[in-house]
Amino acid sequence: MKVLKESKPQVTFNDVAGCDEAKIELQEIIEFLKNPHKFAKIGARIPKGVLLVGPPGTGKTLLAKAVAGEAGVPFLSISGSEFVELFVGVGAARVRDLFEQAKANAPCIVFIDEIDAVGRLRGAGLGGGHDEREQTLNQLLVEMDGFDSSEGIIVMAATNRPDILDPALLRPGRFDRRIYVPIPDVKGREEILKIHTRRIPLGPDVDLKLIAQSTPGFTGADLANLVNEAALLAARKNKQVVEMQDFEEAKDKLIMGIARRSMVISEEEKKRIAYHETGHALVAKFLPGSDPVHKITIIPHGRALGATQSLPSEDRYLYTKSYILTQLSVLLGGRAAELLVFNEESTGAADDLSKATEIARRMVTDWGMSEKIGPVTLGKEEEEIFLGRELGVRKYYSEETARLIDNEIKEIVKNAFDKAVEILRSKMELLHQVANYLLEKETITGQELDEIIRKSAA
C-alpha cells in the first residue's frame, strides 16, 4: 500500500481542470479536514465516503490527490485489485490494516482506486457466499461503519462502473456522496491543455483554443498524451519549439493511427480512395446541419486507407433526428461517390456501413425515432451480460417486431444513401475537381476545400 505523506503537497486544484463542479463539491471536504470544529459546532455530519464516478482518464485519481494536497493531509492510496488475493482472508486483513493506518494518520484521506474490483454486487459470481472478494467487501462495509467521521478520516473511491457496485456500499453512512467527473467540454479541454503545456515551449502559431475545439470527446488523459506526442514529434525533428503542425500530426496519430507513408497503393486504388473521401466531404459540405469539414487525406493511417475529419463547431450533448440522418448521409457519401464514378462497390466502405447500420439500429431500438414502431425502447437483449443479474436475458419483443425493426433499419440506411447519391450527382464536376486536387496534394484542409468550391461557383 502506498502512503503518500507530503509535507509540501505536490498536487493542488491548480493542477486539475475541466471539472469545476466536482472541485466545488470537494471544497467542503477540504474545509472539513482543515477545520472540523466549524462543522461539529453546528451539529453537521460530514460525508464518510465520496465516490468519484466518471469515464476512464477524466482525472478521478488526480482529483483525490488534489483534495489531500489542498487540505495538507496524508493520502493513503490503494487499488481495489490489491485487496483480492488467491488466499482466503488476505483481502479482509488488508482492509483492516488500511483502516488501522488511517486511524494512526488521521486526519487523512483513504483512496481506493477501481473500487469495482472489490465492491461488485454480491451473489453475482460463482463462488457462493465464501468468495474471497465478497469477504473483502464485507470487511470494507464493516470498517466504514466502524469509524466516526469526526475522527477526520475521509474515504474516497473511484470507479467507471457504478452500475455494478453493491447497493450496501452506496447507502448513506458509507459512500453517501457521489460526484460525477465528466469528459471535459471545450472550455475544460482548453484549461487542461494550458496545464499540460506549462513546461513546453510553444511556437507562435499554436492555438490551444483551436486544438480544444478539434478534440471533442478527449479526456484529460487523452489531452496529456496529445501534448506529449506533439512534443516527441517536435524533438524528433530537432525543433526548439512545438508547433501547430506537430499537434495536428499527433492528433491524427491518436485518432487514426500512425501515417503509413511507405505503403504502396496502386494508382487505380488511390483514385478510388480519393473519390471515396471526396464523397464524404462534399455531402458534409452541401447537406445543411452537418459538421464542418476539417481535413481530407488519402495518406493511410492505421487500418484506414484515407480519412475525412469533420469537427463539430460546438460540443453536443443531445442529437436531433435530423442531425443523425445528416450524419448517416455523410457516412454513406464515400460509397455513393464510388458507385457514381466507378459503377461498382468496393470493400472500402465496410467501416462506414457498419457505423451507419449501428446508428440506424439505435434510432429504431433505443431512441424511438421510427414512425412505424413508435416511441419505445427495444434494445434490452443487447445488454452486456453480467453473470447473476442478466443471465438468461430474453427478447422483449416478438419475431414480427424483429422483422419490422430489420425493415426500418434498411429503410433508414437506404434513404440516407439515396440522399448522398442525389447530392453528389448534382455536384459531379466538383467531385472530379476535388478528387483530382486530393490525388495531387494527398491532404487538403477545410479552408482549401472551401476555396475550391468558391472558385467553381464563380
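Structure first, text after, so check above.
Per chain, residues are indexed from 1 in the order of the written sequence. Residues qualify for local features only when their pLDDT is at least 70, as the model is predicted, and side-chain atom pairs are given and counted only at 80 or more; totals for whole chains, interfaces and linings, by contrast, use all residues. Side-chain calculation: all heavy atoms of the structure are included, whereas hydrogens and water are not.

A.B. asks: Tell me about the packing of aromatic side chains, and please be specific about residues and values.
C.D. replies: The rule is short: rings of Phe, Tyr and Trp, with Trp giving its six-membered ring, pair when the centres are within 6.5 Å, and they are stacked under 30 degrees, edge-to-face over 60, tilted in between. Tallying each qualifying case throughout the model produces 3 aromatic pairs. The interplanar angle of 25° and the centroid separation of 5.8 Å between the aromatic rings of phenylalanine 75 and phenylalanine 111 together place this pair among those described as stacked. Taken together, the positions of phenylalanine 75 in strand β3 (residues 75-79) and phenylalanine 111 in strand β4 (residues 108-113) put the pair 36 residues apart, joining distant regions of the chain. Taken as a pair, phenylalanine 75 and phenylalanine 111 share a single burial class, namely buried. Seen from their ring centres, tyrosine 275 and phenylalanine 342 are 5.7 Å apart, and the 90° between their planes marks the pair as edge-to-face. Of this pair, tyrosine 275 sits in helix α12 (residues 267-286) while phenylalanine 342 sits in helix α14 (residues 333-342), and the two are 67 residues apart along the sequence. The pair formed by tyrosine 275 and phenylalanine 342 is uniform in burial state, with each residue classed as buried. Here a strand is any run of E in DSSP of at least two residues, a helix any run of H or I of at least four, and the numbering for each starts at the N terminus. Relative accessibility thresholds used throughout: buried, under 20% of the residue-type maximum; exposed, over 50%; partly exposed, between the two (1.4 Å probe, protein chains only).

A.B. asks: Before we move on, could you go through the nonpolar core and cite the residues and values that matter?
C.D. replies: As used here, the term nonpolar core means buried Ala, Val, Leu, Ile, Met, Phe, Trp, Tyr and Cys residues forming a set that is joined through side-chain atoms within 4.5 Å. In terms of nonpolar packing, the biggest core is built from 49 residues, with Leu282, Val283, Ile296, Ile405, Leu424, Val434 and Leu449 touching the most fellow members. Those elements giving two or more residues to this core turn out to be α12, β7 (293-297), α13 (321-331), α14, α15 (350-365), α16 (399-426), α17 (428-441) and α18 (446-457). A per-element tally of this core places α16 first, with 11 residues. Note on definitions: a residue-residue contact is assigned when non-hydrogen atoms from the two residues lie within 4.5 Å. Dropping the residues within four chain positions of it, leucine 449 is found in contact with Ala281, Leu282, Lys285, Val293, Ile296 and Val434.

A.B. asks: Give a description of the environment of aspartate 185 that names residues and reports values.
C.D. replies: Tracing the sequence through the fold places aspartate 185 in the loop between β6 (177-180) and α8 (186-196). Given the relative accessible area of 34%, aspartate 185 is considered partly exposed. Between the C-alpha atoms of aspartate 185 and glycine 217, which are 32 residues apart in sequence, the distance is 8.1 Å. Once you skip the residues sitting within four places of it in the chain, aspartate 185 turns out to touch Asp315 and Tyr317. Side-chain polar atoms of aspartate 185 contact the backbone nitrogen of glycine 188, separated by 2.8 Å. Counted as a polar contact is a pair of N or O atoms within 3.5 Å, where, for protein atoms, one must be capable of donating a hydrogen and the other of accepting one, and residues adjacent in sequence contribute only when both atoms are in side chains.

A.B. asks: Lay out the packing of helix α1 (residues 20-34) against helix α3 (residues 60-71) in plain terms, naming residues and giving numbers.
C.D. replies: For helices, the fitted line uses only the C-alpha atoms of the stretch in contact; every axis is such a line through C-alpha atoms, and the angle between N-to-C directions lies from 0 to 180 degrees. For the pair α1 and α3, interaxial distance at closest approach is 9 Å and the crossing angle is 40°. Considered as vectors, α1 and α3 are oriented oblique to each other. The two elements α1 and α3 cross, and the hand of that crossing is right-handed. Each of Ala22, Lys23, Leu26, Ile29, Ile30, Leu33 and Lys34 in α1 lies in contact with α3, whose residues at this interface are Leu63, Val67, Glu70 and Ala71. The residue inventory of the contact of α1 with α3, partitioned by class, reads 8 nonpolar, no polar and 3 charged. Under this scheme an angle from 65 to 115 degrees is roughly perpendicular, one under 35 degrees roughly parallel, and one over 145 degrees roughly antiparallel; angles in between are oblique. Two helices crossing with the near one rotated counterclockwise from the far one by less than a right angle form a left-handed crossing, whereas a clockwise rotation gives a right-handed crossing. Three residue categories are used. Nonpolar comprises Ala, Val, Leu, Ile, Met, Phe, Trp, Tyr, Cys and Pro, charged comprises Asp, Glu, Lys and Arg, and polar comprises the others, including Gly.

A.B. asks: Would you mind going over the sheet that holds strand β8 (residues 307-310) in detail, with residue names and values included?
C.D. replies: Strand pairing requires that DSSP identify at least two bridges connecting the strands. Pairing is antiparallel across the open sheet formed by 3 strands, whose spatial order is β8-β7-β9. Looking at strand neighbours, the two that pair on one side only are β8 and β9 (443-445), the edges of this open sheet. Ignoring which end each strand starts from, the neighbouring axes of this sheet average 10° apart.

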